[in-house]
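Overview (structure and organization)
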Amino acid sequence: QSDTFPNGSKRKTLVILGSGWGSVSLLKNLDTTLYNVVVVSPRNYFLFTPLLPSTPVGTIELKSIVEPVRTIARRSHGEVHYYEAEAYDVDPENKTIKVKSSAKNNDYDLDLKYDYLVVGVGAQPNTFGTPGVYEYSSFLKEISDAQEIRLKIMSSIEKAASLSPKDPERARLLSFVVVGGGPTGVEFAAELRDYVDQDLRKWMPELSKEIKVTLVEALPNILNMFDKYLVDYAQDLFKEEKIDLRLKTMVKKVDATTITAKTGDGDIENIPYGVLVWATGNAPREVSKNLMTKLEEQDSRRGLLIDNKLQLLGAKGSIFAIGDCTFHPGLFPTAQVAHQEGEYLAQYFKKAYKIDQLNWKMTHAKDDSEVARLKNQIVKTQSQIEDFKYNHKGALAYIGSDKAIADLAVGEAKYRLAGSFTFLFWKSAYLAMCLSFRNRVLVAMDWAKVYFLGRDSSI
Ligand code: FAD
Ligand code: NAD
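Summary of the structure given here.

Cut-off values and rules
Residues numbered from 1 in each chain as written. Chains lettered and ligands numbered in written order. Predicted model: local features only at pLDDT ≥ 70, side-chain atom pairs only at ≥ 80, totals over all residues. Heavy atoms only, no water. Core = buried A, V, L, I, M, F, W, Y, C linked by side-chain atoms within 4.5 Å. Buried < 20%, exposed > 50% of the residue type's maximum accessible area, 1.4 Å probe, protein only. Helix = DSSP H or I, 4+ residues; strand = E, 2+ residues; numbered from the N terminus. Contact = heavy atoms within 4.5 Å. Axes fitted to C-alpha atoms, helices over the stretch in contact; angles between N-to-C directions. Parallel < 35°, antiparallel > 145°, perpendicular 65-115°, else oblique. Left-handed = near helix turned anticlockwise from the far one by under 90°. Nonpolar A, V, L, I, M, F, W, Y, C, P; charged D, E, K, R; others polar. Pairing = 2+ DSSP bridges. Right-handed = clockwise from strand over helix to strand, strands pointing away. 1 Å grid on protein atoms, 1.4 Å probe; cavity = no way out; pocket = protein on both sides within 12 Å on 5 of 7 lines; lining within 4 Å. Points joined across faces, edges and corners; volume = space filled by probe spheres on them. Near = heavy atom within 4 Å. Polar contact = N/O pair within 3.5 Å; in protein donor to acceptor, adjacent residues only side chain to side chain. Areas by Shrake-Rupley, 256 points an atom, 1.4 Å probe, with all protein chains shown as cover. Patch = residues over 30% accessible without salt bridge, like charges linked within 9 Å, V, L, I, M, F, W, Y side chains within 5 Å. Salt bridge = Lys/Arg side-chain N within 4 Å of Asp/Glu carboxyl O.

The biggest cluster of nonpolar side chains holds 124 residues, and the ones touching the most others in it are Val 119, Phe 238, Leu 345 and Phe 349. Of all the elements, helix α10 (residues 335-363) adds the most residues to this core, at 11 residues. Beyond its immediate stretch of four places on either side in the chain, Phe 238 contacts Val 186, Ala 189, Ala 190, Leu 215, Ile 222, Ile 243, Leu 245 and Ile 399.

Written out as structure tokens, the structure reads:
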């Protein structure tokens, strides 16, 4: 794709950081013939996060929920350059970014120039500075996290099996603790309990009875973004399923074998664990923090501040930010928000191209009347760019034993659904949301495989 259009105007460079929900939604909807499109992301695939909690126990295979960036790029009409690299420094003044690749046999460091930059780098796990979390726990955000958790579960079970039932070390190894009662922690605890009750029970009936799943949450309830009725439903089910819910319990410290928490009564409690999964929400990534230091208007530590057109405050219309890396009232860090923001920006860049073309024509206008006519068209096109409006369709969560909850919004109406029928709805909604036909088929096959053959218990 050449650097100029047939009329001689310059094709502007649009750099997109990230290959997650926001960036991929933008890429899929963007007219890539209008820009030099450059994608930079250390992850060369899109990850369908809603089914990630199903992967460590083998309900869903990891390969079923990823889609390569190259495949997505190939489907667009224009050319897309992809760098498997990480952006680490943005210079809004000179419109350049520094990127580095640390891939094996392909490490490089380079500067990229942009006319427009879209930051969709997501967030990193938040530990709130709790000592020991990085050293001893696993997060659940990436493919590598799911693989690590699976390995820890399997080796804990095997180690415990070699010890006598009376050995306290065996009880510790079979204590699986999840910290954070948001949807990530809840869905993973539910999947873990399913695995133990539906599959492990068949192969290791005695040992499986000794496995304890504990969910620790600092607040008085889990799933705080859901309706109270659904929260109660989920908490009651957890009690039935024997997931030990420790509410109003804030983890203060973690060491190699035990977590130390403070309860609502102010007591200190020690909970021994064999496997620990930490899911206490999001914190800004280093590259987002770097950008915050460059712009005076960026005075929030919770994320990049944007206006209603998703433009980064202080960046004079050349930088946009979407998804989990941003902080904006009413926009939660969810896939749904990031996806809609990506769609919005694709439309925005269509209009931006039109305005850039009109500006170019204005600099080549023959007379004043043509300048005035083009100016009018620019004002009209600018006024056609509406603010981003988030359309909340609701929230879904899997809560175990083939049951799910759904807090749905259809126009002004709200619906609260819970139970086995909702689980079928949950499955069909996620199948519909899968990025490609290939993903859809693989996920459906994984579910069918588990239904007929059970989960795989090998590593
Ligand atoms: P991400 O999807 O996280 O993508 C960020 C991208 O940026 C990645 O490709 C990453 O590799 C890349 N990147 C990172 N650093 C750099 C860098 N320095 N330079 C360039 N690229 C970089 N939301 C829902 O709405 N429904 C759900 O059911 C749901 N389930 C979830 C389950 C789990 C286990 C998790 C962890 C999250 C879930 N979410 C869900 C939240 C949802 O995944 C996020 O809100 C969504 O991924 C945000 O999209 P994003 O594009 O901002 O970031
Ligand atoms: P979250 O922020 O939603 O929940 C984290 C929980 O951890 C909070 O309830 C918090 O009180 C608790 N916590 C924090 N520190 C603690 C401590 N020291 N001890 C005990 N508890 C502590 O985080 P998440 O579940 O990772 O979700 C992140 C985002 O992704 C959210 O916006 C969520 O809506 C979205 N998400 C959505 C779904 C879904 O819709 N099914 C699934 C997963 C994630």
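Resuming the write-up.
In the contact formed by helix α12 (residues 420-433) and helix α13 (residues 437-453), the axes pass within 9 Å of each other and the chain directions differ by 150°. Viewed along their axes, α12 and α13 adopt a mutual orientation that is roughly antiparallel. As for how α12 packs across α13, the hand of that crossing is right-handed. Residues Trp 426, Lys 427, Leu 431 and Ala 432 of α12 touch α13, and the partners they reach there are Arg 440, Val 443, Ala 444 and Trp 447. A per-class count over the contact of α12 with α13 returns six nonpolar, no polar and two charged.

Strand β12 (residues 212-216) sits mainly inside the fold: four of its five residues count as buried. Sheet analysis places strand β11 (residues 175-179) next to β12, joined by five bridges and oriented parallel. Paired with Val 177 across the strands is Thr 214, a residue of β12. On the question of chirality, the crossover connecting β12 to the parallel strand β13 (residues 243-246) by way of helix α8 (residues 228-240) is right-handed.

Before going further, it helps to examine the layout of surface pockets. Taken as a whole, the second largest pocket holds about 310 Å³ of empty space. What lines the second largest pocket is a set of 17 residues, among which Gln 198, Asp 402, Lys 427, Val 450 and Arg 455 lie closest to the centre. Among the secondary structure elements, those contributing two or more residues to the lining of the second largest pocket are α6 (183-203), α12 and α13. The residue makeup of the lining of the second largest pocket, split by class, is six nonpolar, four polar and seven charged.

This brings us to the site of ligand 2. The immediate surroundings of ligand 2 are formed by 23 residues, with Thr 184, Glu 217, Val 251, Pro 333 and Leu 396 found nearest. Measuring from a nitrogen atom of ligand 2, one finds a backbone N or O atom of Val 251 at 3.0 Å. Contact between ligand 2 and Pro 333: an oxygen atom at 3.0 Å from a main-chain N or O atom of the residue. Taken by itself ligand 2 offers 850 Å² of open surface, and the protein chains cover 78% of this. Elements with a contribution of two residues or more to the shell around ligand 2: α6 and β14 (249-254).

Our next topic: the site of ligand 1. Taken together, 29 residues lie around ligand 1, and Gly 22, Thr 49, Ala 87, Asp 324 and Tyr 430 are the ones closest in. For ligand 1, an oxygen atom lies 3.4 Å from a polar atom in the backbone of Gly 120. Starting from 1000 Å² of accessible surface for ligand 1 in isolation, the protein chains cover 90%. When contributions to the shell around ligand 1 are tallied by element, the ones reaching two or more residues are α1 (21-29), β6 (86-91) and α10. Examining the composition of the shell around ligand 1, we find that three residues originate from one element, α10, more than from any other. The residue makeup of the shell around ligand 1, split by class, is 13 nonpolar, 12 polar and four charged.

Together, Phe 437, Val 441 and Met 445 give the surface a local cluster of nonpolar side chains, amounting to about 320 Å² of exposed area. Its location among the elements puts Met 445 in helix α13.

These figures capture arrangement, not role.
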